[in-house]
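Okay, here's what each chain looks like letter by letter:
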Amino acid sequence: MAAVVFSSSLALVPRQNQLIIPGGCVFSGFRSDKLHKSTAFKKTLRTRESFSISAFEGRMGGIFCCKVEENEASLEEQLEFTVRRIHYYRKDHVYENWGLHAWGDINVQTLWEKPLTVTGSDDFGVYWDIRVKPGGVLNFIIHKGETKDFSGSILAEDTDIWVISECSSVFKVKPDLTSVLKGNLSMSRAYWVSELLLAWNLDVENVQFQLFASKSAKLDITSGGIKGEDLVVPLERESGSLPGEIIGKFPHIAHYKAFKLPAGVNVKELVKSQLAIACIDAYGTLMDTTSIQLQGVLDDLFSYDGPLGATFTEDAVMVHLWAPTAQCVRVFVYSSPSGGSPLETIHLKEEGGVWSTCGPRSWEGKYYLCEVTVFHPGSQRVEICMVNDPYSRGLSANGERSLFVNLQDPLLKPEGWESLADEKPQLESFADIVIYELHIRDFSVNDESVDPNLRGTYLGFTSHDSAGMCHLKKLSESGLTHLHLLPSFHFATVDDNKENWKFIDEDTLASLPPDSEEQQAQIVSIQNEDGFNWGYDPVLWGVPKGSYATNPNGSCRTLEFRKMVQALNRIGLRVVLDTVYNHLHASGPNDKGSVLDKVVPGYYLRRNVDGFIENSACANNTASEHYMVNRLIIDDLLLWAMEYKVDGFRFDLMGHLMKSTMVSARNTLDRLLKHENGVDGSKIYIYGEGWDFGEVAHNGRGINASQSNLAGTGIGSFNDRIRDSVIGGSPFGPHLQQGFVTGLYLQPNEHDHGRKDAVAKYLASQADWISVGLAGNLRDFVTINYEGIEVKGSEVKKDDGVPVGYALSPIETINYVSAHDNETLFDMVMWKTAKEVQLEERCRINHLATSIVALSQGIPFFHAGEDMLRSKSLDRDSYNSSDWFNRLDFSYESNNWGVGLPPKEKNGYNWPVMKTFLANPSFRPEKHHILSAVEHFQNMLKIRRSSPLFRLGTANSIQARVRFHNTGPSWVPGSIIMSIEDGNKGMPGLAQLDPLYRRIVVIFNARPSNLVVPISALKALSLTLHPVQEASSDARVKTSLYGTITGTFNIPPRTTSVFVEAR
């Protein structure tokens, strides 16, 4: 070994600083950081393996002292690679944060979130040097975050290439910039915002602006300007800014310049063409050009409220398709779900952008597809797209074809369906709601008490005496009101044909060690070909998913979905549908899963200022700010509410929708009447994820449905404040960061949270977060903070300064500590508690966390299995981790802990630590632990149901009745004491709500020791332990004491005690 030895000491910040070590080196030294203190390490890199400290350390920063020893072999291997250079030019000369994502035959594979920074700059712009194997290919994307500017490849014969922002060409010799910077038709940087008005971010004087159109998509930029047009329309530059109503609709282009079309232009025909706007100087030379986004003009001229999809009359079937940019639309009718030639081909007629036809009633039960001939901005061509009807109400397997299905057919309605509205479980107020989130397949796929043919299907819920249904019945009897089902519409990632699924021998997996890599390796090998996925990749929103039906063809899925809803309603549970309106699985003219973007390309999906699809929501963000997108969402909600009688909707990434869409949804549902529509829409609850990020953040595309924006609407949003403060950290922070129940300050783990006094103060602040959450996370709720100051909920701040309290009504707050995303509650508790904490105590921490949610004002939300210590073997993202890691066991024999290391893709960087947990046999719960959790959870639900004081419906009522004690500087760390007061009938003051109790006191003791605290405001009362706790099998909670004379409470460790004062 010879070569280079050097040492380095540097502070790493995730995604910014990294030290790349070439393959073949020995990398050793020590690190010091908040997670592991000082730890020695040594790593020998394999041949051609590169190594990044920041990747090795995961998300944690730290201080590193290291040396790199490079041996002869590694130097020789480096000589096998040759340097290729990518030159990059931007008109704005702003290169900050633009990076290179590279893959192929290269020595360093990059991660998307950690692109390569520029190597250097020259007289052209900047460049990257990449080491590529001789004869190999380098693939690359230049991007900034999720914004892509250029993608391409360097072939074996190339050493240098030159690329230009907003230009699709790859130059193998250095180009003359003055001859190529004439615009780019693959980008759409101008907007047609209303019938006669365009907007473009170009401010040039003494030039002409023109609109070019080609119906056959022949526009091309040449040295002589734009060629291939059918029509050229002069544009007039408007003075001043865009009109206020346009800025309201398109706030992100408020600074753009306005250009007006002359009157008399046939706009309705122009939008069917390839279009470009151009800037031409006084000499006729093209200065710049770009394609045009059409969303505004389509809304202005073609907004439509008439029938869409297939509708049925007594003797006919009508088909309507909204496609104003289409040049031709045909419908193909088939007799079979796939294969074969069409029975009929029908040319549709257009009126006002809507294409329609009238067919015979004999079409019912047959299949169809639409053929849309349309210019597509993604390909810059006129495409002929075969596509499902966006308003499909039935499908064949995998959406191969749409189905003419009449949802009013009596054969598709289970017995008693028409009277189901009269059988709905009682719901007096949204404040009475308690939600349990469940995946349809998880529920029954492993339940041996269910018919094997029905496991993992809608009909799994009709097995009335199954273990799973018995569990749900007990939850319903205890106080659960709503069952939230993960996506059940037609999504892309599970094959509807069960015969195509692949399986792993689970007996073999069960025989492997609990910390083995082999389970995940086998699961990953088939994960895209098995029957499991969460389903957050929508293709069509208005059809039940075929993989959950016993037959994915025909109308079977409609009948079976209805049977599921009926069965759940009849055991006292209302059904919530998980909707994913914020994005779509696919886009473009060719992807099979692309539907909306084939019918009206460029309209349904939100575009950035360059015309490319926004992907911040996952991929293919939808744009509910556009009229027909908003309409499609509202129509879909009405479909599920009226035709499937679902009782609520959860909106995935709701913050990516506009507030106006959500308010419209609420108002539309409220208008549904049982005697007219078969449902009482005022009882349908809607809620969602009000996260504010991406292009919609801070109202970037209009007022969005974020947490704070929804105050006063009666629409619920998930309260991440109570989640993070109860458990500790956040889904994006260190796994070991502790919270209120997991030992912060009181029983610290090995994570360095800071100085002891600072940690104590932080724990006190976290208790304030929780107190605000317990009071419904109300913006204006007044309480005493940890400093002894009277504050409103909005004046209690998160770490980033954002208000904790944001709601105006308790029904706008969904309190939770875990959901399908991220680790289960049990797994988070295992991560965060100190190593010495025994399993029994860890289980009590689990109970404590669920009790905080269950006894809070607002709406409690629980992840299925939270009540059974559910584990996913520490998997942080189990969306595609198969039945194996997502298993639910309603026999209570196992909680699924220690079934192998979770899939490497999302968890691999934590495997070394995970191994120490999973391999520890003392951490595996036994059946009695699970049964205790089941009982505790049901008891908390019973306590909540026992008194309306836990379910106050207004902010005023909560302010008047809810008090927090043991606050301010004298606070006893690790405790929260809450009282809820009732009035007395016929007496002045508070109205009487509870016929049984005049006062309730709830004490949460997260301490590892007894809590003994006198509360002067609560002395001389007749408080006793709640009868449900008194009758429970939890011996510890029964030792809870209250001293009348001094008002002293003595609460055992890690226990929630509820005291009541009977009337």
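Just above sits the structure.
Presented here is a report on the structure given in the accompanying data block.

**Quick notes on the overall build of the protein**
The secondary structure content of the protein amounts to 26 helices and 52 strands. Whereas a compact globule of 1063 residues would reach a radius of gyration of roughly 31 Å, the protein reaches 31 Å, a difference of no more than 12%. Along the longest, intermediate and shortest principal axes, the C-alpha atoms of the protein span 95 × 90 × 60 Å. Counting over 1063 residues, the protein shows a buried share of 60%. Partitioning the intrachain contacts of the protein with sequence separation of at least 6 by distance along the chain shows that 72% fall at a separation of at least 24. By element, 51% of the accessible surface of the protein is carried by carbon and sulfur atoms, the whole surface being about 39800 Å². With 103 positive and 127 negative side-chain charges, the protein shows a spacing of 3 Å between the two charge centroids.

**Quick word on unusual backbone geometry**
The phi dihedral of Tyr 745 falls on the positive side, at around 70°, and the residue is not glycine. Even without being glycine, Ala 1020 reaches a positive phi, approximately 60°. Within the secondary structure, Ala 1020 is located in the loop between β48 (1011-1014) and β49 (1023-1025). A residue is classified by how much of its surface remains accessible, and Ala 1020, at 60% relative accessible area, is exposed.

**Let's talk about empty space enclosed by the protein**
A complete count under the given rule lists nine cavities of 30 Å³ or more for this structure. Here the largest cavity is characterised by a volume of approximately 130 Å³. Taken together, 17 residues form the lining of the largest cavity, with Asp 768, Ser 771, Asn 966, Thr 967 and Trp 971 sitting closest to its centre. For the lining of the largest cavity, the secondary-structure elements that each account for two or more residues are α18 (756-774), β41 (782-784), β45 (962-965) and β46 (975-981). Per-element tally for the lining of the largest cavity: the top contributor is α18, with four residues.

**With respect to the environment of Leu 475**
Mapped onto the elements, Leu 475 comes out in helix α9 (residues 467-478). Spatially, the C-alpha atom of Leu 475 lies 9.7 Å from that of Asn 939, the residues being 464 residues apart in sequence. Among residues more than four places away in sequence, those in contact with Leu 475 are Tyr 436, Leu 480, Asp 867, Phe 937, Gln 938 and Leu 941.

**What to know about the pattern of salt bridges**
Scanning all chains against the criterion turns up 52 salt bridges. Asp 158 is paired through a salt bridge with Lys 172; the nearest N and O atoms lie 3.8 Å apart. Of the two residues, Asp 158 is situated in the loop between β12 (147-154) and β13 (160-164) and Lys 172 in the loop between β14 (170-171) and α3 (177-180); the sequence distance between them amounts to 14 residues. A salt bridge links Glu 364 to Arg 361, with the nearest nitrogen and oxygen atoms 2.9 Å apart. Given the relative accessible area of 26%, Glu 364 is considered partly exposed. Classification of Arg 361 by relative accessible area gives partly exposed; the value is 27%. When salt bridges with common partners are traced through the structure, they connect Asp 578, Arg 650, Asp 652 and Glu 689 into a single cluster.

**What to know about the packing of helix α14 (residues 627-643) against helix α15 (residues 659-670)**
At a minimum axis separation of 10 Å, α14 and α15 run at an interaxial angle of 35°. The way α14 lies across α15 gives a crossing that is right-handed. The segment α14 lies against α15, with Asn 630, Ile 633, Ile 634, Leu 637, Leu 638 and Ala 641 engaging Thr 661, Ser 664, Ala 665, Thr 668 and Leu 669.

**So, the packing of aromatic side chains**
Under the counting rule described, the total for this entry stands at 39 aromatic pairs. Here Phe 140 and Phe 150 contribute two aromatic rings whose centre-to-centre distance is 6.1 Å and whose plane-to-plane angle is 10°, an arrangement assigned as stacked. Of this pair, Phe 140 sits in strand β11 (residues 138-144) while Phe 150 sits in strand β12, and the two are ten residues apart along the sequence. The residues Phe 140 and Phe 150 share a single accessibility class, namely buried. On the numbers, 5.4 Å between centres and 70° between planes, the contact of Trp 831 with Phe 917 is edge-to-face. Within this pair, whereas Trp 831 is found in helix α19 (residues 825-832), its partner Phe 917 is found in helix α23 (residues 911-918), the two being separated by 86 residues in sequence. One exposure class covers both Trp 831 and Phe 917, and it is buried. Chaining the aromatic ring pairs together yields one cluster made of Phe 430, Tyr 685, Tyr 687, Phe 718, Tyr 816 and Phe 861. The lysine or arginine in question, Arg 401, covers the ring of Tyr 334, its NZ or CZ lying 3.5 Å from the ring centre. Here the guanidinium or amino end of Lys 545 rests over the ring plane of Phe 491, the centre of that ring lying 4.7 Å away.

**Here's the deal with the environment of Leu 941**
Note on placement: Leu 941 falls in helix α24 (residues 927-946). Its relative accessible area of 1% is what places Leu 941 among the buried residues. Taking the C-alpha atoms as reference points, Leu 941 and Ser 478, separated by 463 residues in sequence, lie 5.4 Å from one another. Ignoring any residue separated from it by four or fewer positions in sequence, one finds Leu 941 in contact with Val 434, Leu 475, Ser 478, Gly 479, Leu 480 and Phe 862.

Analysis parameters
- Residues numbered from 1 in each chain as written.
- Predicted model: local features only at pLDDT ≥ 70, side-chain atom pairs only at ≥ 80, totals over all residues.
- Heavy atoms only, no water.
- Helix = DSSP H or I, 4+ residues; strand = E, 2+ residues; numbered from the N terminus.
- Rg over C-alpha atoms; globule rule 2.2 N^0.38 Å.
- Buried < 20%, exposed > 50% of the residue type's maximum accessible area, 1.4 Å probe, protein only.
- Contact = heavy atoms within 4.5 Å.
- Areas by Shrake-Rupley, 256 points an atom, 1.4 Å probe, with all protein chains shown as cover.
- Lys, Arg positive; Asp, Glu negative; His and termini not counted.
- Charge placed at Lys NZ, Arg CZ, Asp CG, Glu CD.
- 1 Å grid on protein atoms, 1.4 Å probe; cavity = no way out; pocket = protein on both sides within 12 Å on 5 of 7 lines; lining within 4 Å.
- Points joined across faces, edges and corners; volume = space filled by probe spheres on them.
- Salt bridge = Lys/Arg side-chain N within 4 Å of Asp/Glu carboxyl O.
- Axes fitted to C-alpha atoms, helices over the stretch in contact; angles between N-to-C directions.
- Left-handed = near helix turned anticlockwise from the far one by under 90°.
- Phe/Tyr/Trp six-rings, centres within 6.5 Å; stacked < 30°, edge-to-face > 60°.
- Lys NZ or Arg CZ within 6 Å of the ring centre and 35° of its normal.

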